[in-house]
Amino acid sequence: MKKTIPFFLALFFSVGIFAQTTWKIDKNHSQISFAVTHSGISEVEGVFDNFDATIVSSEEDFSDAEVEVTIQTASIDTHVDMRDDHLRSEDFFNTEKYPTMTFKSTNIEETSENHYKLTGNLTMHGITKPVVLDMWYRGTIEGKKGKVAGFQFTGEIDRTAFNIGAGFPEAALSNQIKIKVDAEFKKQ
């Protein structure tokens, strides 16, 4: 009987140590934005208004974070209706055929305290490619409704790798698209 108790205690503590916590994005305090250079002389910015994201981690510093994001492509907003309609068309996102884009992380590597390289698969326009984002864990606070963690994700993707705007040369629209996500996640 005495040997059984330590086994159960060890099992209990090991489950607690490896327990993963799920964090859901707080859309009211988050933004997914992008920027593209137009005609080589100006930068046009936009956002996606409809998205969902989850982080699962067992470490307090999120050094083992698994990140999943789903974005509704039709929710693109550059504050110019005619341009937004064009971006939803077959020339760019073809939102009727490809209503979502997704990101699912596959690896995380610490680069400095609270800063990471987050590698994952981005699926957009029916094409899946690996991308690397910089992830900055900005800290955790105790909010009115529980724990909240803040993050910033930045990086660049090549739109041509996903066949976005294939009919538009780089002189008209830069191939590199800057991505910036500022997000708060609530502990579930």
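Residues numbered from 1 in each chain as written. Predicted model: local features only at pLDDT ≥ 70, side-chain atom pairs only at ≥ 80, totals over all residues. Heavy atoms only, no water.

K.L.:
Looking at this model, I keep getting lost on the overall build of the protein chain. Mind explaining?
P.N.:
Looking only at helices and strands, one finds two helices and 11 strands in the protein chain. Shown N-terminal to C-terminal, the secondary structure of the protein chain runs as helices and strands in the order α-β-β-β-β-β-β-α-β-β-β-β-β. Along the first, second and third principal axes, the C-alpha set of the protein chain runs to 75 × 35 × 35 Å. The buried share among the 188 residues of the protein chain stands at 36%. Sequence-distant contacts, at least 24 apart, represent 55% of the contacts inside the protein chain between residues at least 6 apart. The centroid of the 19 positive side-chain charges in the protein chain is displaced by 7 Å from the centroid of its 28 negative side-chain charges. (Helix = DSSP H or I, 4+ residues; strand = E, 2+ residues; numbered from the N terminus. Buried < 20%, exposed > 50% of the residue type's maximum accessible area, 1.4 Å probe, protein only. Contact = heavy atoms within 4.5 Å. Lys, Arg positive; Asp, Glu negative; His and termini not counted. Charge placed at Lys NZ, Arg CZ, Asp CG, Glu CD.)

K.L.:
I would appreciate a short explanation of the pattern of salt bridges in the present structure.
P.N.:
A side chain with one charge may pair with a side chain of the opposite charge, provided their charged atoms come close. This model, assessed by the stated rule, comprises seven salt bridges. Lys104 serves as the salt-bridge partner of Glu68, at 3.6 Å between the closest nitrogen and oxygen. One end of the pair, Glu68, is in strand 5 (residues 66–72); the other, Lys104, is in strand 7 (residues 100–112), with 36 residues separating them in the sequence. Owing to a relative accessible area of 43%, Glu68 belongs among the partly exposed residues under this scheme. By relative accessible area, which is 48% here, Lys104 ends up partly exposed. (Salt bridge = Lys/Arg side-chain N within 4 Å of Asp/Glu carboxyl O.)

K.L.:
Explanation requested: the packing of aromatic side chains in the structure shown.
P.N.:
Aromatic ring pairs: the centre-centre distance and the angle between the two ring planes describe each pair. Tallied over the entire structure, the rule returns nine aromatic pairs. Taking the centre distance of 5.5 Å and the plane angle of 45 degrees together, the rings of Phe34 and Phe48 count as tilted. Taken together, the positions of Phe34 in strand 2 (residues 31–38) and Phe48 in strand 3 (residues 42–48) put the pair 14 residues apart, joining distant regions of the chain. The buried category is assigned to Phe34, whose relative accessible area is 13%. The exposure class of Phe48 is buried, given its relative accessible area of 7%. For the ring pair Phe48 and Phe93, a centre distance of 5.9 Å and an interplane angle of 85 degrees mean the geometry is edge-to-face. Linking Phe48 in strand 3 with Phe93 in the loop between helix 2 (81–88) and strand 7, this pair joins segments that are 45 residues apart in sequence. (Phe/Tyr/Trp six-rings, centres within 6.5 Å; stacked < 30°, edge-to-face > 60°.)

K.L.:
Sorry if this is basic, but what is going on with the environment of Trp23 here?
P.N.:
Take Trp23: it is sitting in strand 1 (residues 21–25). When its relative accessible area of 7% is taken as the criterion, Trp23 is described as buried. For the pair Trp23 and Lys147, spaced 124 residues apart in the sequence, the C-alpha separation amounts to 9.3 Å. Not counting the four nearest positions on each side in its chain, Trp23 is found in contact with Ala53, Thr54, Ile55, Phe62, Thr140, Lys147, Val148, Ala149, Phe185, Lys186, Lys187 and Gln188.

Interpretation in functional terms is not warranted from these geometric data alone.
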